[in-house]
Amino acid sequence: MVTTAAETARDLPELTSEGLEAALVGAAAMEAASKARFLALLGEFMARQGWEASGCVSAVQWLSWRCGLGPTVASEHIRVATALRELPAISAALA
């Protein structure tokens, strides 16, 4: 079951401090796993030069356009995603 932001906001006052802590730690773990997946997908997309088919002049432009990232953040994500393809142990630890 997917929890919406509105449902989450309504539930917050009912959580105990321990429940809030557990939810926060769980959300952080999900965010880290999601970021690892995003970087793996981006690394593969970069290896395939998938952004070229869109007519964008660069991968940074494509990532900014399609994923809503600013150019600096997009550039850093590309740098990390590309590097992780050469670092399987770090990539696995991140996941």
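Below you will find a few notes about this structure.

Thresholds applied
- Residues numbered from 1 in each chain as written.
- Predicted model: local features only at pLDDT ≥ 70, side-chain atom pairs only at ≥ 80, totals over all residues.
- Heavy atoms only, no water.
- Salt bridge = Lys/Arg side-chain N within 4 Å of Asp/Glu carboxyl O.
- Helix = DSSP H or I, 4+ residues; strand = E, 2+ residues; numbered from the N terminus.
- Buried < 20%, exposed > 50% of the residue type's maximum accessible area, 1.4 Å probe, protein only.

1. Structural notes on the pattern of salt bridges
Moving on, step 1. Scanning all chains against the criterion turns up three salt bridges.
Moving on, step 2. Notably, a salt bridge pairs Arg85 with Glu44, separated by 2.9 Å at the nearest N-O pair. Placement of the pair is Arg85 in the loop between α4 (71–84) and α5 (88–94) and Glu44 in helix α2 (residues 17–47), with a sequence separation of 41 residues.
Moving on, step 3. A relative accessible area of 30% means that Glu44 is categorised as partly exposed.
Moving on, step 4. In this structure, Arg79 engages Glu76 in a salt bridge whose closest nitrogen and oxygen atoms are separated by 2.6 Å. Of this pair, Arg79 and Glu76 are both found in helix α4, three residues apart, which corresponds to roughly one turn of the helix.

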